[in-house]
Structure formats: C-alpha cells, structure tokens
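Structure assessment
Spelled out, the chains give:
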Amino acid sequence: MGKLKLGLQLADKAVRAPSQSLTPRAVDVSVAQVNSPTREPKSARPTGKRLVKEAVQVLCGGWKRLWPRLWIILAAAGVGMLLVLIASDADNSLLNRLRFADGDGTPKRVAAFISDHADLMLAVPLSLLIWGAGVLSGRVRWRKVGLACLMATLMAGLVVNVFRATTGRPRPRAAQPYTEVKDGLYGPHPFASKFQSFPSGHTATSTATAVAIAAAVPIATIPCAVYAIVVGWSRMQLLMHHPTDVTVSLVIGLVCGLCFASTVPRAAIRLRRRKKK
C-alpha cells in the first residue's frame, strides 16, 4: 500500500511539472500586457483633448490652492495701505535711498530697458516657449511648467489691477515734490494711470513668473530671484512705484507663483489643496 501511494505522488508531480514555469508574477505580467494598451512613447505628440485637459488641471489646481490663501494677499495689501497712510514720508525717503543718481542717464536707461522687457512682454513668450517644447518633446512636466508660469502671471496681474484701480495712490513722479499732489490713497481711479501706483504690476507678474519656474525647476532659483528683484528696482528707479508698492507686489507674485507651480509634477514646493469637509 505504501509503494502504491508513493507511485501516485510521483505521477502527480510529473503532471504538474510543465505548469510550474508559469509563476503568478509571470501570469500577471502576461495578462497586463494583453489587456492594457501599448504605452505612448515620450516623443509622441499629445492630442488636443489631452492639452485642454492639462490646461484645466493647472487652472483648477492652482485656483484651489490660491483661494484659501487669498487672506495672505489681503493681509499684505492691508498692511501696505496702512503704511501709506501713516508712514508715507518714510516710504518716500527709502525710495530716494534705493535709487541711483541719474548722472549721465545710464541708470534710467538700464531701468527702462528692464521694465520694457519685463511683465507680460517676457512672461507670455517664455511660457509659450516652455509649453511648446513640452508639446514637441511629449513631456507633460514641461507643458505644465509653461502653463503654471502663464496662469500664475495672469492671476497676479489680475489681482494687482483690482487694487490699483481702487486704492488710487499717486505714482512717485505724480506726487510731491514733483507735483503739488500729496502722497496718499485717493480712492478709485480706474482710468488714471498716475493714480495707480499701489501695488506694482510689473513686479507682481515678474515675481509670479520667476517663482513658478523656480518652484518647478529649482536649478533656476537664483536667476529667477535676481530677475524679480531687478524688475522691482527698475520700477522704483523710474519713479513709477514706492517701496511699499513693490513689497506688496512681491507677496502677491510669490503666493500666485507657488500655488500654480504646485500643479507641476515633481515640483520642489507643493502647496496642498483645501480639503473638503
């Protein structure tokens, strides 16, 4: 009886031996290869539907991060307006210290060149260039960096224009000692550029561009920081904005840039979205 039982066990092993080469892992891989579509190569260009979906993802993702943080922008603007009302003389004194003497006009020409090539003049072409490179190379990350840069810049510009049109602070060259107008807040002046000093549009949009790129691509942090600071200086050198205007704009650009850069895959800094209760 024992020999018969041993023989049956050996026969059973012989029958099962050919199927042992198909391990569970091998079976799973084979099934996945059959059921899943072929992976798109990196060099393949995305479809129009895919591009629209990515743009919506960046826009909605950036806004969902920005909305619960708008209080930071409002707080910065509130502090800035308070300083305008109680310390405008100190603000103007600091402005004179930060400006270089015109002398032969070189500082003014340099500042004018920087201002003319900043703001949307640089942000829009740069954003489209990065996005276009992502489209041609098939890289989602590059496309979202370009979209984040563009949307952060436009959002910062929108926020700044709301404050500029309603606060009514005269630009440095439109106030004393250059004119008889005293520095202060004169209320809504949506169509009077000389009363749209607070805050600085060039500084806010340039900072948003720089922060969005630096947060997504950390290796570019130093040149991006230099760019944002230099643009802020150029606006003060040209007597277009006060130091408080530039400082508040830096905060606006920083918040907008970080919120939209957080939508980029593998971004160095990622802000969390507001959780639904």
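Scroll up to find the structure.
Residues numbered from 1 in each chain as written. Predicted model: local features only at pLDDT ≥ 70, side-chain atom pairs only at ≥ 80, totals over all residues. Heavy atoms only, no water.

**Re unusual backbone geometry**
Defined as follows: Secondary structure counts use DSSP, requiring at least four H or I residues in a row for a helix and at least two E residues in a row for a strand, with both numbered from the N terminus. Exposure is judged per residue with a 1.4 Å probe applied to protein chains only, and the accessible area is read against the type maximum: over 50% gives exposed, under 20% gives buried, and values in between give partly exposed.
The omega torsion of the bond from Q176 to P177 falls at 5 degrees, within 30 degrees of zero and hence cis. Note on placement: P177 falls in the loop between α8 (140–167) and α9 (201–216). Between F198 and P199 the backbone carries a cis peptide bond, its omega angle lying at -10 degrees. Mapped onto the secondary structure, P199 falls in the loop between α8 and α9. Non-glycine residue L239 carries a positive phi angle of around 60 degrees. The residue R266 is not glycine, and still its phi comes out positive at about 60 degrees. Mapped onto the fold, R266 is located in the segment after α11 (243–261). Taking the relative accessible area as the measure of exposure, R266 reaches 66% and is therefore exposed.

**Comments concerning the packing of aromatic side chains**
Here the distance between the centres and the angle between the planes together describe a pair of aromatic rings. Threshold: Each Phe, Tyr or Trp ring, with Trp reduced to its six-membered ring, pairs with another whose centre is within 6.5 Å; inter-plane angles below 30 degrees give stacked pairs, above 60 give edge-to-face pairs, and intermediate values give tilted ones.
Scanning the entire structure with this criterion turns up three aromatic pairs. On the numbers, 5.6 Å between centres and 40 degrees between planes, the contact of W63 with W67 is tilted. Relative to F195, the ring of Y186 has its centre 5.7 Å away and its plane inclined at 70 degrees; by these criteria the two rings are edge-to-face. Given a relative accessible area of 39%, Y186 falls into the partly exposed group.

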